[in-house]
Amino acid sequence: MNLLLNGLIIIGVCILLASLVPAHHLIAQLPRGRIKRNWYIMRALIIVSIAGYLGYTVINWNQRFGGQHGIGHCLVPLVFLLGACFVYLVNSFALETAQFIRRLSVLEVETIT
């Protein structure tokens, strides 16, 4: 059981690592300014979250189900996994939206001229 729970957290870490890719592409496309700084902050928070996920896994690697942890011990890895999925989706949607707006802007300029 513990291996499964730790596996959920490791999968969450992998998803968070994957979410850095669209964030990086988005940052590369943005001009200097407040929005770009906010995405740098988002990237830093993802990295801190990865460290937190790994820290939780290390601390609880040899814990047994039940005892002090109870059902909460099962919920935390699930919440971590779902949170990682959320972060990945937000980053991916933001990148897709930025690319769509850029294409739309180019088409608008081409239509006018």
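Whatever comes next refers back to the structure up there.
Residues numbered from 1 in each chain as written. Predicted model: local features only at pLDDT ≥ 70, side-chain atom pairs only at ≥ 80, totals over all residues. Heavy atoms only, no water.

Caption draft 1: Highlighting the overall build of the chain. Across its full length, the chain holds three helices and zero strands. Listing every helix and strand of the chain by position from the N terminus yields α-α-α. Expected size for 113 residues packed as a compact globule is a radius of gyration near 13 Å; at 19 Å, the chain overshoots this value by more than 25%. Over its C-alpha atoms, taken along the principal directions, the chain stretches across nearly 70 × 20 × 15 Å. Partitioning the intrachain contacts of the chain with sequence separation of at least 6 by distance along the chain shows that 79% fall at a separation of at least 24. Working note: accessible area of the chain is about 7700 Å², and carbon and sulfur atoms make up 71% of it. (Helix = DSSP H or I, 4+ residues; strand = E, 2+ residues; numbered from the N terminus. Rg over C-alpha atoms; globule rule 2.2 N^0.38 Å. Contact = heavy atoms within 4.5 Å. Areas by Shrake-Rupley, 256 points an atom, 1.4 Å probe, with all protein chains shown as cover.)

Caption draft 2: View of the nonpolar core. Grouped together as the largest cluster of nonpolar side chains are nine residues: Ile9, Val13, Leu16, Leu20, Ile46, Ile50, Tyr53, Tyr56 and Ala84. Sorting the residues of this core by element identifies helix H1 (2-29) and helix H2 (34-60) as the ones contributing at least two each. One finds Ala23, Ile27, Leu30 and Leu95 within the second-largest nonpolar core, a separate group that totals six residues. (Core = buried A, V, L, I, M, F, W, Y, C linked by side-chain atoms within 4.5 Å. Buried < 20%, exposed > 50% of the residue type's maximum accessible area, 1.4 Å probe, protein only.)

Caption draft 3: Structural view of the environment of Leu16. Relative to the elements of secondary structure, Leu16 occurs in helix H1. Taking the relative accessible area as the measure of exposure, Leu16 reaches 2% and is therefore buried. Each C-alpha atom of the pair Leu16 and Gly83 lies 9.0 Å from the other, and the pair is 67 residues apart in sequence. The contact partners of Leu16, leaving out residues within four places of it in the chain, are Ile46, Ser49, Ile50, Tyr53, Ala84 and Val87.

Caption draft 4: Structural detail: a nonpolar patch on the surface. On the surface, a cluster of nonpolar side chains totalling about 480 Å² of accessible area is made up of Ile71, Leu75, Leu78, Val79 and Leu82. When you line up the elements, Val79 lands in helix H3 (residues 72-112). When its relative accessible area of 53% is taken as the criterion, Val79 is described as exposed. (Patch = residues over 30% accessible without salt bridge, like charges linked within 9 Å, V, L, I, M, F, W, Y side chains within 5 Å. Salt bridge = Lys/Arg side-chain N within 4 Å of Asp/Glu carboxyl O.)

Caption draft 5: Representation of the packing of H2 against H3 in the model. Contact geometry of H2 with H3 gives a least axis separation of 12 Å together with a crossing angle of 160°. The angle between the axes of H2 and H3 places the two elements in the roughly antiparallel class. Crossing of H2 against H3: the hand is left-handed. In this structure, H2 contributes Trp39, Met42, Ile46, Tyr53, Tyr56 and Asn60 to the contact, and H3 contributes His73, Val76, Pro77, Phe80, Gly83, Ala84, Val87, Asn91 and Ala94. (Axes fitted to C-alpha atoms, helices over the stretch in contact; angles between N-to-C directions. Parallel < 35°, antiparallel > 145°, perpendicular 65-115°, else oblique. Left-handed = near helix turned anticlockwise from the far one by under 90°.)

Caption draft 6: Representation of H2. Under the 1.5 Å per step criterion, the end-to-end length of H2 is 39 Å for 27 residues, consistent within 8% with the ideal 39 Å. Of the positions making up H2, those classed as buried are Lys36, Trp39, Ile46, Ile50, Tyr53, Tyr56, Thr57 and Asn60. (Expected span 1.5 Å × (residues − 1).)

Caption draft 7: Quick look at the packing of H1 against H2. Direction vectors running N to C along H1 and H2 enclose 165°, while the axes themselves pass 10 Å from each other. Comparing their axes, H2 and H1 come out roughly antiparallel. Where H1 crosses over H2, the two elements pack in a sense that is left-handed.

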